[in-house]
Amino acid sequence: MEKKQFQAESKRLLEMMIHSIYTKHEIFLRELISNASDAIDKLYYKALTDESMTFHADDYFIEISIDEPNRLLTIRDTGIGMTKQEMEDNLGVIAQSGSLAFKKQVAQQEGHALIGQFGVGFYSAFMVADEITVVSQAYGTDVAHRWHSTGADGYTIEPVDAVGVGTSVTLKIRLDTYETAVEQKDESLAYEDYLHAGRIKHIVRKYSDFIRYPIKLDGETINTMVPIWRKNKSELTDDTYMQFYKDKHYGHDVPVRYVHVQADGAVRYQAILYIPSETPFNYFTKDFERGLELYASGVLIMEKCATLLPEHFGFVKGMVDSEDLSLNISREMLQHDRQLLVIARNIKNKIKSNLESLLKDDREKYEQFFKAFGRPLKFGAYNEFGAHKADVQDLLLFYSSTESKLVTLAEYVERMREGQKYIYYATGSSHDRIAKMPQIEALREKGIEMVYLTDDVDEFALKMMRSYADKEFRSISSGDLGLDELLGAQQDTPEQQHDDVFDAVKKVLGDAVHSVRPSQRLRAHPVCLTSEGELTIEMEKVLNNVPNRAPVEAKKVLEVNVQHDVFRALKQAFDADEAKFALYARLLYQQALLIEGLPLEDPVAFSNDVCLVMT
Ligand code: ADP
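Residues numbered from 1 in each chain as written. Predicted model: local features only at pLDDT ≥ 70, side-chain atom pairs only at ≥ 80, totals over all residues. Heavy atoms only, no water.

### Topic: the sheet that holds strand β12 (residues 299-305)
Okay, so step 1: Here we have five strands laid out as an open sheet, ordered β9-β10-β13-β11-β12, and mixed in their pairing. On the outer flanks of this sheet lie β9 (257-264) and β12, each paired with one strand and no other. Between one strand and the next, the sheet's axes are offset by a mean angle of 15°, whatever the strand orientation.
Okay, so step 2: Relative to strand β10 (residues 268-275), β9 runs antiparallel, the two sharing eight bridges. For A263, the partnering residue across the bridge sits in β10 and is Y269.
Okay, so step 3: Together, β9, β10, β11 (292-296), β12 and β13 (317-322) form the strand contacts of helix α10 (residues 338-361), whose direction differs from that of β10 by roughly 40°. (Pairing = 2+ DSSP bridges. Helix = DSSP H or I, 4+ residues; strand = E, 2+ residues; numbered from the N terminus. Axes fitted to C-alpha atoms, helices over the stretch in contact; angles between N-to-C directions. Contact = heavy atoms within 4.5 Å.)

### A few points about the packing of aromatic side chains
Okay, so step 1: Tallied over the entire structure, the rule returns 27 aromatic pairs.
Okay, so step 2: Aromatic side chains F502 and F567 sit 5.7 Å apart centroid to centroid with 15° between the ring planes, which places their arrangement in the stacked category. In this pair, F502 is assigned in helix α18 (residues 495-509) and F567 in helix α20 (residues 565-576), connecting sequence segments 65 residues apart.
Okay, so step 3: Accessibility expressed as a relative area gives 4% for F502, which makes it buried.
Okay, so step 4: Accessibility expressed as a relative area gives 4% for F567, which makes it buried. (Phe/Tyr/Trp six-rings, centres within 6.5 Å; stacked < 30°, edge-to-face > 60°. Buried < 20%, exposed > 50% of the residue type's maximum accessible area, 1.4 Å probe, protein only.)

### Observations concerning unusual backbone geometry
Okay, so step 1: The phi torsion at R71 lies on the positive side, around 60°, for a residue other than glycine.
Okay, so step 2: Structurally, the position occupied by R71 is in the loop between β1 (62-67) and β2 (72-77).
Okay, so step 3: The residue D470 is not glycine, and still its phi comes out positive at about 65°.
Okay, so step 4: Mapped onto the elements of the fold, D470 is located in the loop between β18 (467-468) and β19 (471-475).
Okay, so step 5: Overall, D470 belongs to the exposed group, its relative accessible area being 77%.

### Describing the confidence of the model for the protein chain
Okay, so step 1: Taken residue by residue, the protein chain gives an average pLDDT of 87. The fraction at 70 or more is 88%.
Okay, so step 2: Across residues 94-119, where pLDDT falls below 50, the model places 42 contacts with residues more than four positions away in sequence or in other chains. (pLDDT = per-residue confidence, 0-100.)

### Here's the deal with the sheet that holds β2
Okay, so step 1: Taking strand neighbours across the sheet as the criterion, the eight strands line up as β5-β4-β3-β6-β2-β1-β7-β8 in an open arrangement whose pairing is mixed. Every other strand in the sheet has two partners, leaving β5 (155-160) and β8 (220-221) as the edge strands with one partner each.
Okay, so step 2: On the sheet, helix α2 (residues 27-49) packs against β1, β2, β6 (166-173) and β7 (215-217) and is oriented at approximately 25° with respect to β2.
Okay, so step 3: Against the sheet, helix α7 (residues 197-208) touches β1, β2, β7 and β8, its axis set at about 170° to β7.

### Side note on the pattern of salt bridges
Okay, so step 1: Tallying each qualifying case throughout the model produces 33 salt bridges.
Okay, so step 2: Among the salt bridges present, the one from E158 reaches R146, with a minimum N-O distance of 2.9 Å. Here R146 lies in strand β4 (residues 144-149) and E158 lies in strand β5, a separation of twelve residues in the sequence.
Okay, so step 3: By relative accessible area, E158 is classed as partly exposed at 23%.
Okay, so step 4: The partner of R521 in a salt bridge is E559, and the shortest N-O contact between them spans 2.8 Å. (Salt bridge = Lys/Arg side-chain N within 4 Å of Asp/Glu carboxyl O.)

### Considering the nonpolar core
Okay, so step 1: Formed by 76 residues in total, the largest nonpolar core has its most connected members in L294, F315, Y366, F369, L377 and Y424.
Okay, so step 2: In terms of residues, this core owes the most to one element, α10, which gives nine residues.
Okay, so step 3: Mapping this core onto the domain boundaries places at least three of its residues in each of domain 2 (228-361) and domain 3 (397-487).
Okay, so step 4: Beyond its immediate stretch of four places on either side in the chain, L377 contacts H312, F313, F315, Y366, F369, F370, V392, L395 and L396.
Okay, so step 5: I40, Y44, A125 and M127 belong to the second largest nonpolar core, which has 63 residues in total. (Core = buried A, V, L, I, M, F, W, Y, C linked by side-chain atoms within 4.5 Å. Domains from an automatic or database assignment.)

### Here's the deal with the pairing of β10
Each regular strand carries side chains that alternate between the two faces of the sheet.
Okay, so step 1: Among the eight residues that make up β10, seven are buried, leaving the element largely enclosed by the rest of the structure.
Okay, so step 2: Where β9 folds back onto β10 in an antiparallel hairpin, the turn is made up of three residues.
Okay, so step 3: Bridge count for β10 against β13 is five bridges, and the pairing is antiparallel. Note on β13: the bridge partner recorded for I272 is M319.

### Brief notes about empty space enclosed by the protein
Okay, so step 1: Using the criterion set out here, one finds one cavity of 30 Å³ or more in the structure.
Okay, so step 2: Estimated volume of the largest cavity: approximately 60 Å³.
Okay, so step 3: Forming the walls of the largest cavity are Y425, A426, T427, M437, E459, S475, I476, S477, T536, I537, E538 and E596.
Okay, so step 4: Taken together, the elements giving at least two residues each to the lining of the largest cavity come down to β16 (422-427) and α19 (537-544). (1 Å grid on protein atoms, 1.4 Å probe; cavity = no way out; pocket = protein on both sides within 12 Å on 5 of 7 lines; lining within 4 Å. Points joined across faces, edges and corners; volume = space filled by probe spheres on them.)

### Examining helix α11 (residues 363-386)
Okay, so step 1: Over its 24 residues, α11 extends only 26 Å from the first C-alpha to the last, a length that falls short of the 34 Å expected when each residue adds 1.5 Å.
Okay, so step 2: Within α11, the axis deviates most sharply at F373, by approximately 65°, and proline P376 lies no more than four positions further along.
Okay, so step 3: Residues Y366, F369, F370, A372, F373, G374, P376, L377, K378, G380, A381 and G386 constitute the buried set of α11.
Okay, so step 4: Where α11 is buried, its residues meet β10, α10, α12 (389-392), β14 (398-400) and α16 (458-465). (Expected span 1.5 Å × (residues − 1). Bend = angle between axes of the 7 residues up to and from the residue.)

### Brief notes about a negative patch on the surface
Okay, so step 1: Negative charge collects at one region of the surface, where D511, E553, E601 and D602 lie side by side.
Okay, so step 2: Tracing the backbone shows E601 in the loop between α21 (578-596) and α22 (603-614). (Patch = residues over 30% accessible without salt bridge, like charges linked within 9 Å, V, L, I, M, F, W, Y side chains within 5 Å. Areas by Shrake-Rupley, 256 points an atom, 1.4 Å probe, with all protein chains shown as cover. Lys, Arg positive; Asp, Glu negative; His and termini not counted. Charge placed at Lys NZ, Arg CZ, Asp CG, Glu CD.)

### Structural notes on the pairing of strand β21 (residues 527-532)
Okay, so step 1: Most of β21 is tucked away, with five of its six residues classed as buried.
Okay, so step 2: Sheet topology note: the β21/strand β22 (residues 555-560) ladder contains six bridges and is antiparallel. The residue bridging S531 from the neighbouring strand is K556, located in β22.

### Considerations on the side chain of N354
Okay, so step 1: Mapped onto the elements of the fold, N354 is located in helix α10.
Okay, so step 2: The residues contacting N354, other than those within four sequence positions of it, are R257 and V259.

### Some details on the packing of α10 against α11
Okay, so step 1: At a minimum axis distance of 6 Å, the contact between α10 and α11 shows a crossing angle of 130°. Classified by the interaxial angle, the pair formed by α10 and α11 is oblique. Along its contact with α10, which presents L355, L358, L359 and D361, the element α11 presents R363, K365, Y366 and F369.
Okay, so step 2: Residue composition of the contact of α10 with α11, grouped by class: five nonpolar, no polar and three charged. (Parallel < 35°, antiparallel > 145°, perpendicular 65-115°, else oblique. Nonpolar A, V, L, I, M, F, W, Y, C, P; charged D, E, K, R; others polar.)

### Points about the side chain of Q137
Okay, so step 1: Looking at the secondary structure, you find Q137 in strand β3 (residues 129-137).
Okay, so step 2: Under the relative-accessibility criterion, Q137 is labelled buried at 5%.
Okay, so step 3: At 2.9 Å, the side chain of Q137 and the backbone nitrogen of V163 are in polar contact.
Okay, so step 4: Separated by 2.9 Å, the side chain of Q137 and the backbone nitrogen of G164 make a polar contact.
Okay, so step 5: In this structure Q137 touches I80, G81, M82, D142, V143, A144, A162, V163, G164, V165 and G166, once residues within four positions along its chain are discounted. (Polar contact = N/O pair within 3.5 Å; in protein donor to acceptor, adjacent residues only side chain to side chain.)

Given below as C-alpha cells:
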C-alpha cells in the first residue's frame, strides 16, 4: 500500500503536536467529540431539509470504548461519515476551517500561540497516541475506508468492509516512560489515564457536557447535554466562555467582554454575545458576513442571522437560542418573524448598554475596542440618514485638542464654555497636522476645546448627526464660528476699509475661490482657506477620492489676516504696482492650497511665481 505524505504545514503542526505543545493533553478528547458532534449535526441538518430521510433521535450518538490491554481508545459516531476523498482532504491537511488563517500566520508565529488559536482538532490526538486509525463510511455510500497513520511519516488509506454510516477514531495510547513522565506538563496525568473510564468520564463532563447528542461509555450516557447558554451563569467561569468563543471559531482574539442573556419575558431566549478586541481582516470587505448563530430549541437553524444584529454592531459575535421560534421557518419568513424582531431589539439594547458600561468601567479596554470598531460605530451614526444616532452617539470617541486624549461628546459638552454654542471640530490627516492648521489659531489661543477628526468617515458622521445634546457641530473652517458671543466682540472690524483690496484679489483669482475676505480666526498666519455652505474642503477631498463619482467642489473662501505684515505688503502693491499685486494674490492663494493639503492647479506656475519674488 502506498504511503502518502502529509502536506507541509500539516507536517509541521503534527510535529509540534507530537512534542506536546498543548499544556493540557486531555483536550484531544474534546476535539474528537466536537468533530463527532459536527458530523452528526450535518446528518441532522440533511434530515431536516430532505423529506425522504427519516430521523430517529436514538440513532444518533457518540460512543467511547476502551480496550485497556491493547491500549486502544475509540470514539465512534453515527454522523455523516467521510468518503475516501474526504478523508484525504480533511485528514491529510490542516482543517479546512482553519487552514487559510493558519497558512497566513504560520510564517509569522511560532509554536505555542499558534496551537491555541486554531481548531487544529483531529491532530491533537497525536499528543497522546502514537498511532491513529479512522474507519469511516459516508452517508449515501456502502463502502468504508480505513485511514491509518503513525505520525509524521504519513498515512495510508484502504477500503474495508462496510461498517454502517459514521466514523470511528481509534487511538493507540502512548506508553508512559520516564521521559514522557518528565515531558508531561499536565499535572500528574499519565497517558495510562486515558484508558481509565473514570478519567474519561471526568474529561467529557469537563469539556463536552453540553454536546447535544448522548456520549456513551459502557452503555451509560455520561453528558447532561445541557448547552452552556442554558446553564446557570453561576456555574460558568470566564474560561468556559472564552473556550466557547474559540470552539465556535468566533475569532482568534480575546474578546473584551461577553454577555450572557437568559431572558424569560414575552419572548424566551438565551444568548451569549461577545465583543471582540480585534478587527477581522475582512471586516471592511464584502466578504464579511455579520450575524449571530440562531438556534431554535437547541438546534442550529442559521449560522449568520443578520436580522439579529444591526450593521453598526455587526462586529458582535455569538449565538441566540429561543424555544419560541419554529424549527422549520424559512429564511425569508424569519426576517419578518415577530418574535425574532423582539429578540433583535433586546439584543441591540444589550450590546449598547454593555458597551456603555465598558466605556464607563474600563476606559482602557474600551479604547482598545474602539480602535478596532470605532469605524463601524461612526458609519452607524451616518448610515440611513442618522437613524441610529441614539444607539451610537454616546459610544463615539474623538481626540480632544485641550485634553490630548480621546473624549466622548458628553465629556466635551460638559466642559463647554459659557456662551459656547457649538462643538468645534477640525479635520485633517493627523493630529499633528491639524494642530498646525492656521484655521484653529483663534480658538486655540483662547483655550477652546476642539475635537480633531482624522478618519474619513468622521466629518460625515457629525454632519449627519448635526448636534449632540442640542449643541451643533461646527467645523473650525466654516464661515461663522460664533466667536463674537464666545470671545466678546472683536476689536475693530476693518473690513470696510479694505473692500477694494479683497475685490481685486477675487478678480485675480477668478472662479478658483468663491470669495475672499478678512479673517477673524487667524493670528500668526497670513492666510487660510475655509468654506461656505454644507460641503467642507475635507469632505470634498474624501468624496473626490471615491472612484467613479462626479467630482464635487466646496465653496472655498480665501481668508487673509489683515493684521499681518503680508497684508500690508499686499495693500502697498494694490496701491502702486498691479503686476506685483496679482503675483501676491496668486501666491497667497497657492500657499493656502498647500496648507490645506490640496493640489496646486499648476505647480510650475507656482514655482515661477516664487522665483519672481526672489529676483
Ligand atoms: P476542524 O474540526 O477544525 O475542521 P479537524 O482537523 O478536527 O478540524 O477536522 C478536519 C475535518 O475532518 C473536519 O472539518 C471534518 O470535515 C472531518 N472530520 C473530522 N472528524 C470527523 C468525523 N468524526 N466525522 C466526519 N468528518 C470528520
